[in-house]
Amino acid sequence: MDFPAAMRAVLAGDAVRRDAWGPRRAVRLLKAPWNGTDEILAMVDRLNRGDVPPYPYGPRGEDVRGTDWTITTIQERASA
């Protein structure tokens, strides 16, 4: 899918990714960790290993022009 379709999927609650990012990265809409109220586009760890916290995502030109976006799932974090 293209970038506009990927962002529509994010607004619908899905996580999306591009193969160029590697297996662990995806983008989803989250509450900002610094205030808990603002929504941000965040890059998240799909495998949810806990070693990479979510961080703000800003699309680059190649992301906006890309047609290789796919909807993905985020693994639940294993409890210790």
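Rules and cut-offs
- Residues numbered from 1 in each chain as written.
- Predicted model: local features only at pLDDT ≥ 70, side-chain atom pairs only at ≥ 80, totals over all residues.
- Heavy atoms only, no water.
- Helix = DSSP H or I, 4+ residues; strand = E, 2+ residues; numbered from the N terminus.
- Rg over C-alpha atoms; globule rule 2.2 N^0.38 Å.
- Buried < 20%, exposed > 50% of the residue type's maximum accessible area, 1.4 Å probe, protein only.
- Contact = heavy atoms within 4.5 Å.
- Areas by Shrake-Rupley, 256 points an atom, 1.4 Å probe, with all protein chains shown as cover.
- Lys, Arg positive; Asp, Glu negative; His and termini not counted.
- Charge placed at Lys NZ, Arg CZ, Asp CG, Glu CD.
- Salt bridge = Lys/Arg side-chain N within 4 Å of Asp/Glu carboxyl O.

Novice: Provide a residue-level description of the overall build of the chain, including the pertinent values.
Specialist: A count of helices and strands for the chain gives two helices and five strands. Shown N-terminal to C-terminal, the secondary structure of the chain runs as helices and strands in the order α-β-β-β-β-α-β. Relative to the 2.2 N^0.38 estimate, which gives 12 Å for 80 residues, the radius of gyration of the chain is 12 Å and therefore close to what a compact globule would have. With the C-alpha coordinates aligned to their principal axes, the bounding extent of the chain is approximately 40 × 25 × 20 Å. Per-residue burial over the chain gives 32% buried out of 80 residues. Here the contacts in the chain between residues at least 6 apart in sequence split such that 47% fall between residues at least 24 apart. Put simply, the chain shows about 5,200 Å² of open surface, and 52% of that area lies on carbon and sulfur atoms. Between the averaged position of the 12 positive side-chain charges in the chain and that of its 11 negative side-chain charges there is a distance of 3 Å.

Novice: A description of the pattern of salt bridges should follow, citing residues and the corresponding values.
Specialist: What the rule picks out here adds up to six salt bridges. Linking R24 and D45 is a salt bridge whose minimum nitrogen-to-oxygen distance equals 2.6 Å. Of the two residues, R24 is situated in the loop between β1 (15-17) and β2 (25-31) and D45 in strand β3 (residues 39-45); the sequence distance between them amounts to 21 residues. Salt-bridge contacts for R24 lead to D51; the nearest nitrogen and oxygen are separated by 2.5 Å. In this pair, R24 sits in the loop between β1 and β2 while D51 sits in the loop between β3 and β4 (55-56), placing the two residues 27 residues apart along the sequence. Classification of R24 as partly exposed rests on a relative accessible area of 21%. Among the ionic contacts, a cluster of salt bridges with common partners joins R18, D63 and D68.

Novice: Break down the environment of A6 for me, citing the residues and quoting the values.
Specialist: Mapped onto the elements, A6 comes out in helix α1 (residues 3-11). Since its relative accessible area comes to 0%, A6 is described here as buried. In sequence terms A6 and R28 are 22 residues apart; their C-alpha atoms lie 10.0 Å from each other. Apart from residues no more than four positions distant in its own chain, A6 is found in contact with M1, V16 and W69.

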